[in-house]
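Residue-level listing of the chains:
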Amino acid sequence: MNCDEFQEQVDDLALGQLEEPRRSTALAHATGCQSCQTLLAGLGGVADRLLLAAPQLEPPAGFESRALARMGAPTASRTGRWVTAVAAVLIVTAGAVLWWASNDDAASDVVAARIEAADDVAIGAVELRSTPTPHVLVMIDAPRPDPGTRTCELQREDGTWVPVGSWEVDDIAAGVWAVGIAPELLDATAMRIVADDGTVLATADFSS
């Protein structure tokens, strides 16, 4: 798969609508292509933030067609697909709130923690998610404009730190960054953001 082919399918991949084997092929391409990985991370982060209030359940039969009928004919453009996705989330969330409150297992695949800067000021949140594949999602409320590289590290239960990915300031201008991780890192006890000179800029504690 080349970059043009990836970009044609990245919307469906970010929304979890790309079927095998195209899904695996696209993910394999993103692993070795920084620009496509950045694109997927940004779109995936938007999708994750939209779905934070909704349960991880398949909609009932016929839901999609009824929702699209209410919203009018869909378009094939990227904007059209994302507008449709946003509208569908808004529709389903209203009916999902009561279910969400009564089913504690619904969020079992997500571990979240607050990100705090060195001065103990909360600057965002981080999540470890097992679906659709294991990944860490970093959401910064107010991205700092200082130039340089930021590295995300996760702490294993034995206390060792594992770098899982890095970004430049421009890459997280929208405040969202994500990267795939090894399944065993879903049990990480903490996360930290490190500057390129080794300075720890922010931390998060998953055990608190």
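Above: the structure in question.
Residues numbered from 1 in each chain as written. Predicted model: local features only at pLDDT ≥ 70, side-chain atom pairs only at ≥ 80, totals over all residues. Heavy atoms only, no water.

Draft legend 1. Expanded view of the overall build of the protein. Scanning the protein from terminus to terminus reveals 5 helices and 8 strands. N-terminal to C-terminal, the α/β element order of the protein is α-α-α-α-α-β-β-β-β-β-β-β-β. In the protein, which comprises 208 residues, the share counted as buried stands at 37%. For the protein, contacts bridging at least 24 residues in sequence account for 56% of all contacts bridging at least 6. Approximately 11,700 Å² of the protein is accessible, and the part contributed by carbon and sulfur atoms is 54%. (Helix = DSSP H or I, 4+ residues; strand = E, 2+ residues; numbered from the N terminus. Buried < 20%, exposed > 50% of the residue type's maximum accessible area, 1.4 Å probe, protein only. Contact = heavy atoms within 4.5 Å. Areas by Shrake-Rupley, 256 points an atom, 1.4 Å probe, with all protein chains shown as cover.)

Draft legend 2. Quick peek at the pairing of strand β5 (residues 161-168). By the bridge criterion, 7 bridges tie strand β4 (residues 149-155) to β5 in an arrangement that is antiparallel. Paired with Thr151 across the strands is Ser166, a residue of β5. Counting the residues in the hairpin turn of β4 and β5 gives 5 residues, including Gly159, whose phi is positive at 95°. (Pairing = 2+ DSSP bridges.)

Draft legend 3. Region of interest: helix α1 (residues 3-14). Helix length check: α1 (12 residues) gives 15 Å between terminal C-alpha atoms against 16 Å at 1.5 Å per residue, within 8%. All buried positions along α1 are accounted for by Phe6, Gln9, Val10, Asp11, Leu13 and Ala14. Of the residues that open α1, the one with a side-chain oxygen 3.2 Å from the backbone nitrogen of Asp4 is Asn2. (Expected span 1.5 Å × (residues − 1). Polar contact = N/O pair within 3.5 Å; in protein donor to acceptor, adjacent residues only side chain to side chain.)

Draft legend 4. Structural view of the pairing of strand β2 (residues 122-129). Among the 8 residues in β2, 6 count as buried, and that is most of the element. Two strands pair when backbone bridges link them, and strand β1 (residues 110-117) and β2 are joined in this way by 7 bridges, in the antiparallel orientation. If you follow Arg114 over to β2, its bridge partner there is Ala125. Hairpin remark: β1 followed by β2, antiparallel, with 4 residues in the connecting loop; positive phi at Asp120, about 65°.

Draft legend 5. View of the environment of Glu157. Within the secondary structure, Glu157 sits in the loop between β4 and β5. Linking Glu157 and Ala190, residues 33 residues apart in sequence, is a C-alpha distance of 8.9 Å. Not counting chain neighbours up to four residues away, the residues in contact with Glu157 comprise Asp187 and Thr189.

Draft legend 6. Here's a closer look at unusual backbone geometry. The phi torsion at Asp120 lies on the positive side, around 65°, for a residue other than glycine. Assignment of secondary structure puts Asp120 in the loop between β1 and β2. By relative accessible area, Asp120 is classed as exposed at 59%.

Draft legend 7. Broad picture of the nonpolar core. If you look at the biggest cluster of nonpolar residues, it comprises 25 residues, and the most contacted ones within it are Ile115, Val126, Val136, Val138, Leu154, Val164 and Met191. For this core, the secondary structure elements donating two or more residues are β1, β2, β3 (135-140), β4, β5, β6 (176-180), β7 (190-195) and β8 (200-205). With 10 residues, the next largest nonpolar core counts Ala14, Leu18, Ala26 and Ala30 among its residues. (Core = buried A, V, L, I, M, F, W, Y, C linked by side-chain atoms within 4.5 Å.)

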